[in-house]
Amino acid sequence: MKIQMKLNNYFSLKDKIILILCIVVFPIFWFSIPSKLFNTPLSYLITDKNDQILGAHIATDEQYRFALTDSIPDKYIKALITFEDKRFYYHPGIDILAILRAAKLNISKRKIVSGGSTITMQVIRLAGNGKERTIFQKTIEIIKALRLELTYSKHEILNLYAANAPYGGNNVGIDAAMWRYFGTKPQNITWAQAATLAVLPNSPSLIHPGKNRTILLTKRNKLLKKLLDTKQIDITTYELAIDEPIPDKPTNFPSIASHLLSKITFKNKNGGLYKTTIDINTQRKVSEIVNKYHKILAGNGINNAAVIVIENKTGNIISYIGNTQTDNNSENVDMITAKRSTGSILKPFLYASMLNSGNILPNSLVYDIPTYIGGYSPKNYSKGYDGAVKARNALARSLNIPAVRMLKSYGLENFYEKLKNIGYTSLNNSATHYGLSLILGGSEGSLWDIAGIFSSMARTLNNYELYGNKYLPADYHQLNYNFKNIEKEEKEIWKNFENESYFDASAIWLTFNALLEVDRPGIENNWTNFSSSNKIAWKTGTSFGFKDAWAIGVTPEYTVGVWTGNADGEGRPGLIGSRASAPILFNVFKILPSSNQWFKMPIFDMIEIETCEESGFLVSQHCENIKKVWVPKNAVRFDVCPFHQTVYLNKNEEYRVNLNCEASENIIKKSWFVLPATVEKYFKLKNPKYKFLPPLRSDCSDNTREDEDFELIYPYKNTKIYIPIELDGSLGKTVFQATHRNKNIKVFWYLNNTFIAETTDKHEIELRPIKGKYTLTLIDENGKSIKTEFEILNER
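## Section: the sheet that holds strand S14 (residues 558-565)
Stage number 1. Taken in spatial order, the 5 strands line up as S7-S6-S14-S13-S12 in an open sheet, and their pairing is antiparallel. What marks the edges here is a single partner per strand, and that holds for strand S7 (316-321) and strand S12 (537-542). Within this sheet the neighbouring strands show an average axis-to-axis angle of 10°, counted without direction.
Stage number 2. With 5 bridges connecting them, strand S6 (residues 304-311) and S7 associate as antiparallel partners. Its bridge partner being in S7, isoleucine 308 is matched across the sheet by tyrosine 320.

## Thoughts on the environment of glutamate 789
Stage number 1. Tracing the chain through its elements places glutamate 789 in strand S26 (residues 785-792).
Stage number 2. In this structure glutamate 789 comes out as partly exposed when scored by relative accessible area, which is 28%.
Stage number 3. A C-alpha to C-alpha distance of 7.7 Å links glutamate 789 and tyrosine 716, two positions 73 residues apart in sequence.
Stage number 4. Glutamate 789 has contacts with Tyr716, Lys717, Asn718, Thr719, Tyr774 and Thr775, leaving out every residue within four places of it along the chain.

## Quick look at the state of the cysteines
Stage number 1. Per the stated rule, a full pass over the model turns up 1 disulfide.
Stage number 2. Paired by a disulfide, cysteine 661 and cysteine 700 hold their sulfur atoms 1.6 Å apart. On the sign convention where negative is left-handed, the bridge of cysteine 661 and cysteine 700, at about 90° about the S-S bond, is right-handed. In this pair, cysteine 661 is assigned in the loop between strand S17 (644-649) and strand S18 (668-673) and cysteine 700 in the loop between helix H23 (677-686) and helix H24 (706-709), connecting sequence segments 39 residues apart.
Stage number 3. Under the relative-accessibility criterion, cysteine 661 is labelled buried at 15%.
Stage number 4. Overall, cysteine 700 belongs to the buried group, its relative accessible area being 9%.
Stage number 5. Between cysteine 612, a cysteine without a disulfide, and cysteine 623, which holds the nearest cysteine sulfur, the sulfur-to-sulfur distance is 3.5 Å.
Stage number 6. Residue classification places cysteine 612 among the buried positions, given a relative accessible area of 1%.

## Here's the deal with the packing of helix H14 (residues 347-357) against helix H17 (residues 412-421)
Stage number 1. Viewed as axis vectors pointing N to C, H14 and H17 meet at an angle of 110°, and their least axial separation amounts to 11 Å. Overall, the two elements H14 and H17 adopt an arrangement that is roughly perpendicular. The residues of H17 that touch H14, namely those facing Phe349, Leu350 and Ser353, are Phe415, Lys418 and Leu419.
Stage number 2. Along the lines of polarity and charge, the residues of the contact of H14 with H17 split into 4 nonpolar, 1 polar and 1 charged.

## Observations concerning the packing of aromatic side chains
Stage number 1. One pass over the structure, following the stated rule, counts 23 aromatic pairs.
Stage number 2. Centroid distance phenylalanine 512 to phenylalanine 599: 5.2 Å. Interplanar angle 35°. Geometry classified as tilted. Here phenylalanine 512 is found in helix H21 (residues 505-514), whereas its partner phenylalanine 599 is found in the loop between helix H22 (577-591) and strand S15 (606-612), with 87 residues between them in sequence. You'll find phenylalanine 512 and phenylalanine 599 in the same group, each marked buried.
Stage number 3. By the ring-pair criterion, three or more aromatic residues cluster together here, those being Tyr367, Phe617, Phe638, Phe643, Phe673, Phe683, Tyr690 and Phe692.

## Considering a nonpolar patch on the surface
Stage number 1. Among the surface-exposed residues, Met601, Ile603, Phe604 and Trp630 lie close enough to one another that they form a single nonpolar patch of about 370 Å² accessible area.
Stage number 2. Along the polypeptide, phenylalanine 604 turns up in the loop between H22 and S15.

## Observations regarding the environment of valine 172
Stage number 1. Checked against the element boundaries, valine 172 lands in strand S4 (residues 171-172).
Stage number 2. Residues valine 172 and arginine 65 lie 107 residues apart in sequence; the distance between their C-alpha atoms is 5.0 Å.
Stage number 3. With residues near it in sequence (within four places) discarded, valine 172 still touches Gln63, Tyr64, Arg65, Phe66, Ala163, Asn164, Ala165 and Tyr167.

## Considering the sheet that holds strand S5 (residues 272-275)
Stage number 1. An order of S2-S1-S5 is seen for the 3 strands of this open sheet, with the pairing classed as mixed. Either end of the sheet is taken by a strand with one partner, and the two such strands are strand S2 (53-57) and S5. If you compare each strand with its neighbour and ignore which way they point, the axes differ by 15° on average.
Stage number 2. Note that strand S1 (residues 44-47) and S5 share 4 bridges and pair parallel. Paired with leucine 45 across the bridge in S5 is leucine 273.

Conventions and cut-offs
Residues numbered from 1 in each chain as written. Predicted model: local features only at pLDDT ≥ 70, side-chain atom pairs only at ≥ 80, totals over all residues. Heavy atoms only, no water. Pairing = 2+ DSSP bridges. Helix = DSSP H or I, 4+ residues; strand = E, 2+ residues; numbered from the N terminus. Axes fitted to C-alpha atoms, helices over the stretch in contact; angles between N-to-C directions. Buried < 20%, exposed > 50% of the residue type's maximum accessible area, 1.4 Å probe, protein only. Contact = heavy atoms within 4.5 Å. Disulfide = S-S within 2.5 Å. Parallel < 35°, antiparallel > 145°, perpendicular 65-115°, else oblique. Nonpolar A, V, L, I, M, F, W, Y, C, P; charged D, E, K, R; others polar. Phe/Tyr/Trp six-rings, centres within 6.5 Å; stacked < 30°, edge-to-face > 60°. Patch = residues over 30% accessible without salt bridge, like charges linked within 9 Å, V, L, I, M, F, W, Y side chains within 5 Å. Areas by Shrake-Rupley, 256 points an atom, 1.4 Å probe, with all protein chains shown as cover. Salt bridge = Lys/Arg side-chain N within 4 Å of Asp/Glu carboxyl O.

Structure below.
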């Protein structure tokens, strides 16, 4: 009670009323504006690495509106303040003199012709979506303007106005207006443009063609004259400015990287300015190349193409052509990220993996013979066989059978895991789902992933020496299209170094060198004759049914990936990687700067070993021709040559003999390169210098080679065979094959102990056995035999 009496003595009734009003009114005043004044959606604008515009996507409310910027051009500020609010820097949000002047003018005109609004008040009105102009609404704007000035600087208020003022049509803010009316960014604004944009929000409809354009020109020039009179511009600037034309109707934004724009809008919920790593000049040149070849390819019904260009050092994408520009809806599909059958494009990853683990050497022979694995029978593109081929040549020639046999040797699960580790993201099923066909296009992949892996390999190899013969895990799948500074603190980088990588530098170097041997298309196939020609490691791929054509190329500086085909999956004859995609690849490389340098040999990651020159395996005691080669350190795990063996011949070297049939002084000891019977059958056709092992002389006996002289190619033991159905519905045939070193010998065929055929030289027969289990026995005329079991699964 005493306290209350003391308060009554200190505060009068008037004071109490004022205090209560302050307690109630001040919070209402303070919270009269939201913490974020504008919640309008933003458009997407993408620029290249040098801030050149590449494209824009309209905001969800169908307006072109860009993010708030801190850098408003000084010319625009001066023109705006001169036109709208000359006492802007001196009033607290409202200009009493301007309000009184507007009231006097409105009374004299007997209608509202001026509102006396400051720039601050206009910001409040824009934030309220331009509510109807009434005395009550004006009062609210005055109160909110006073409140805005308490927590926002004058510069921030100018930013809010410049970003949200209407500029005619669906263009909001100075950024949108500058791009659409003048085709440039606000920082390049002229005095004439600044004056035009200063008067335009006052009457946005003036931008439309017709008589309004004269009114707009008059208002602009009047403002320029005022700027001259207030000595903000000189007479020369004024005269040049009034000679500039006012803009026509808004122009469309450039569409230089439309698919990259779509990618960015899909991945980012919020609009805004996105600075990309694209180089606009490279993007335009690559686009011209794609358009040129598209006209050629379209003649064969090949309607789509995509190209990605990656700077290996940074992982930055400098060109992104997601598709061709056609009238077909398929152009909307981004073929850089689309999942397509890979054909042979994954083979270099298997080759590098096997080099890395010591499962092959560059020159070690890989069999290229008729192959049947679990009912799967791969075929080379040529339909022929080499018998045996060096591993690096098998890669350069993209032979399918050696690749499948290599994958089986390396391990399907091992390769499956390796692909996932290095950034191949399309493996959504188990390894067994894809099977050995994984290496021939049995899975789908994207140009984004595949080109990214090649670039990662190049970056790892480039950085190996730079990092002190160590590896940085972050080198793998580092692809950037958003511009950012990817340089790290040196001490932070060194914390992350490792002694191993997914691919060692030596394996990568040998893989890229093998890919130098791929024949280039057309006029490029004689590239080695020109000293200025750039070395390019490259690989192509063609999917089953001629639906996808790939080409990937790598230099120390760049990786280029090309895909051609039809987005709807239609196959076309001639849709082959070397014909459809490779010409685009090499023309893109021609426009890229090059040091004409090749990757440095990672000598500290390699060892020099002795290998057998004929087989490419580690040298054995029987090898005579020895070749020293640099290989990955794990190469010491590889096998010694199994093909060279010591044989004993008569003096004329016509026959093999032994002590059972020839005196020791008449026997010649010699090392002989001997391939298995099936392998040498095809190897001899491609290698005329290959010498068959001399036959055993008839009076000699030798039981050591019975199994090697006589081999069954198909069927192998316990094969389950499904015989194909012909077009007329009848049961087709299955072909059984064998091989014998003595091509003149007769072979007798028995099925379930019943004689069915006799063959000489070419040991093949066609059969139509009914459903059931069978035993196949082959006996040559010398009594040597081989036997196998198989099962026919289907009825006649």
